[in-house]
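Chain by chain, the residues run as shown.
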Amino acid sequence: MRALLGLIFSVLLLAPPSWAQNVGALPPFIQQQANVPILHEGARIQPVYSQHGMVVSADKYASQVGQNILMQGGNAVDAAVAVAFTMAVTMPRAGNLGGGGFMLVYDAKNKTTRAIDYREKAPLAASANMYLDENGEVDENLARFSYKSAGVPGTVKGMELAFRLYGSLDWQALLDPAIHYASNGVRVSQSLAESLQKKAAHLWKSPAARKVFFKQDHFYSAGDTLYQKDLAKTLVTLAKEGADAFYKGDIATRIALDMKKNGGLITMQDLAEYQAVLREPLVGYYRGYKVLSMPPPSSGGVHLIQMLKALEQFPIQQQRWGHGSSDTMHVMAEVMRQAYADRSKYLGDTDFVSVPIKALMSDLYAIRTAKGISMASATPSELVEGGKFLPDESPQTTHFTIVDKWGNVVTNTYTLNFSYGSGHMVAGTGILLNNEMDDFVSKVGVANAYGLIGNEKNAIEPEKRPLSSMTPTLVFDADDQFYMALGSPGGSRIITSVLNVLMNVIDHNMNLAEAITAPRMHHQYMPDKVQVEKGFSLDTLKLLNHKGHTVEEVAPMGAVMAVKRAPKGQKGYVAFADTRRADAFVAVQTQPQDNNPLARKDMDWLSDLFE
Ligand code: DON
């Protein structure tokens, strides 16, 4: 009996499964495959896919540094800190120690998002009329290209705060790659060479910058090696002594001395008192997706959400509308006009002035804005004195987005404002100074370098932060699962670059690569123009003209670096580095590391380091 049972059992075990008895049938894993969305087909351009972490930045060196940190077991914040320090070396026109920015961190385990504000602050000696000449006119050179153009830098404190909250590797390990590239050199890319040439007139005037950014009396060319020995020393000091070296120690002393010598305002006290701060991200909903973005002192989050909510009132996803139709572009222009008009009226640093954030982002206001739009014709912007505009943006600010294999996400935008900031470098440090003070309103009604106007809300006051447009953004789906993270440089066009890409994904069902490469449009109230990239249908642009819009073709806008969850049914992520930046690169983590989830680590060793 036992033998018989054994025989039956083994026959059962050995019997081929039913699908195998039918010669034409396929095994279940292949049958199920038919329902899985195919990622890499059916589109003209494809994003990069990864099951694990990804780093997307405007610089190949930096993306690879971030990738290495992820592969050592670091989390997204570790990678972000290393990327930010590396870019200060490898992409010096925007990466920085002497500037500031904003970071959003999504902690996947706790499902929380924090916003880190490390925007520069006006020095204590700053005052509302500091850039006005004897005739009461704005002295642009003083505001943009002098030692007085610099706000108190926030980047080093910002990175330290992110690291204190979330970092898990050694602080030194996160600075090592930057030190390596500063002392052993980076290969000059064509875009780095070009940016140095474009800014040569300013960089030449600073003895320290001249020493670094020129080969004696020549320009650097693509393929040369660029060494930054002073910057390497500064980074070594930061690695050993932590952020305090920059704000209280040797580096602070050098900055304060250089300021004094050259008519700048930043003192030891300004540096010692600087703090990066945690802020609550702004939250809004667009067609069921939850959008989290940066609150003031950036105007980015308020206006991104305000615009999305007004646009939600229109059937943009429908075929008759779609990307690039005159109806879609018309309502986008009208909604943008309203948002930038509000920006000029209401926005400033909320530590100093009140801003009607809730009202601007409210349903009521969105409905009112939408109702006020005539589909037949453009609403002319009021005439405002001084609404001039720099037609071509040069690549200055920079954004990177990182996801790690645990699902933590960092989306970070930082800047010196212009390419190479004011062009001044602090003697002996390799640190370029920002010219972020130009983001304040120097005089009511007079536009800043991005054509942005404003009022007393954004007037200069000691310790106040100048209003920004930087818009690092996270999006979650209706189940509160991570959906996408993005951000962009582009001055006043940052907010609308993010808006264009979000609409392309959510409304127009584009994959991330299509969404980022598609032509963008922008309106900022003043000047009263719809600005478009090359690539829209000329027929559409004519229709916009007929509605009363002045349409102007401009140089490429923004440079969006983004990560998105892979389409439903696929594990992992897709990413795309905007092809508007020649050196942009997605680096993919190829080996998972399990030992190091984003968690608050034992801080004992760190307090020693920062003592
Ligand atoms: O904070 C701001 O809004 C500006 N300082 C950003 C400057 C910028 O994006 C330059 N861009 N490409």
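Residues numbered from 1 in each chain as written. Predicted model: local features only at pLDDT ≥ 70, side-chain atom pairs only at ≥ 80, totals over all residues. Heavy atoms only, no water.

1. Some details on helix α7 (residues 155-166)
So, point 1. Here α7 is 12 residues long and its end C-alpha atoms lie 16 Å apart, about the 16 Å a rise of 1.5 Å per residue gives.
So, point 2. Most of α7 sits inside the fold, with 11 of its 12 residues counted as buried.
So, point 3. Restricting attention to buried positions, one finds in α7 the residues T155, V156, K157, G158, M159, E160, L161, A162, F163, L165 and Y166. (Helix = DSSP H or I, 4+ residues; strand = E, 2+ residues; numbered from the N terminus. Expected span 1.5 Å × (residues − 1). Buried < 20%, exposed > 50% of the residue type's maximum accessible area, 1.4 Å probe, protein only.)

2. What about the site of the ligand?
So, point 1. The environment of the ligand is formed by 16 residues, the closest being Q396, T397, E436, D439 and S469.
So, point 2. With respect to the ligand, the backbone of S469 contributes an N or O atom lying 2.7 Å from an oxygen atom.
So, point 3. Backbone polar atom of G490 to a nitrogen atom of the ligand: 3.1 Å apart, as the coordinates give it.
So, point 4. Contact with the protein chains covers 99% of the free accessible surface of the ligand, which is 340 Å².
So, point 5. Partitioned by chemical class, the residues of the shell around the ligand number four nonpolar, eight polar and four charged. (Near = heavy atom within 4 Å. Polar contact = N/O pair within 3.5 Å; in protein donor to acceptor, adjacent residues only side chain to side chain. Areas by Shrake-Rupley, 256 points an atom, 1.4 Å probe, with all protein chains shown as cover. Nonpolar A, V, L, I, M, F, W, Y, C, P; charged D, E, K, R; others polar.)

3. Overview of the packing of aromatic side chains
So, point 1. For the coordinates displayed, the defined rule picks out 16 aromatic pairs.
So, point 2. Consider the rings of F213 and Y420, whose centres lie 5.5 Å apart with planes at 65 degrees: the pair is edge-to-face. You can see F213 sitting in helix α11 (residues 207-213) and its partner Y420 sitting in the loop between β11 (409-415) and β12 (425-426), a full 207 residues away along the chain. We note that F213, like Y420, is buried.
So, point 3. Between F482 and Y573 the ring centres are 6.2 Å apart and the planes differ by 55 degrees, which places this aromatic pair in the tilted class. Taken as a pair, F482 in strand β15 (residues 482-486) and Y573 in strand β20 (residues 573-577) lie far apart in primary sequence, 91 residues in all.
So, point 4. Judged by its relative accessible area of 12%, Y573 is buried.
So, point 5. Put simply, the rings of Y106, F476, F482 and Y573 pair up and form one aromatic cluster.
So, point 6. The ring of W204 carries the charged tip of R210 above its face, separated from the ring centre by 4.1 Å.
So, point 7. Across from the ring centre of F476, 5.7 Å away, lies the NZ or CZ of K290, which sits over that ring. (Phe/Tyr/Trp six-rings, centres within 6.5 Å; stacked < 30°, edge-to-face > 60°. Lys NZ or Arg CZ within 6 Å of the ring centre and 35° of its normal.)

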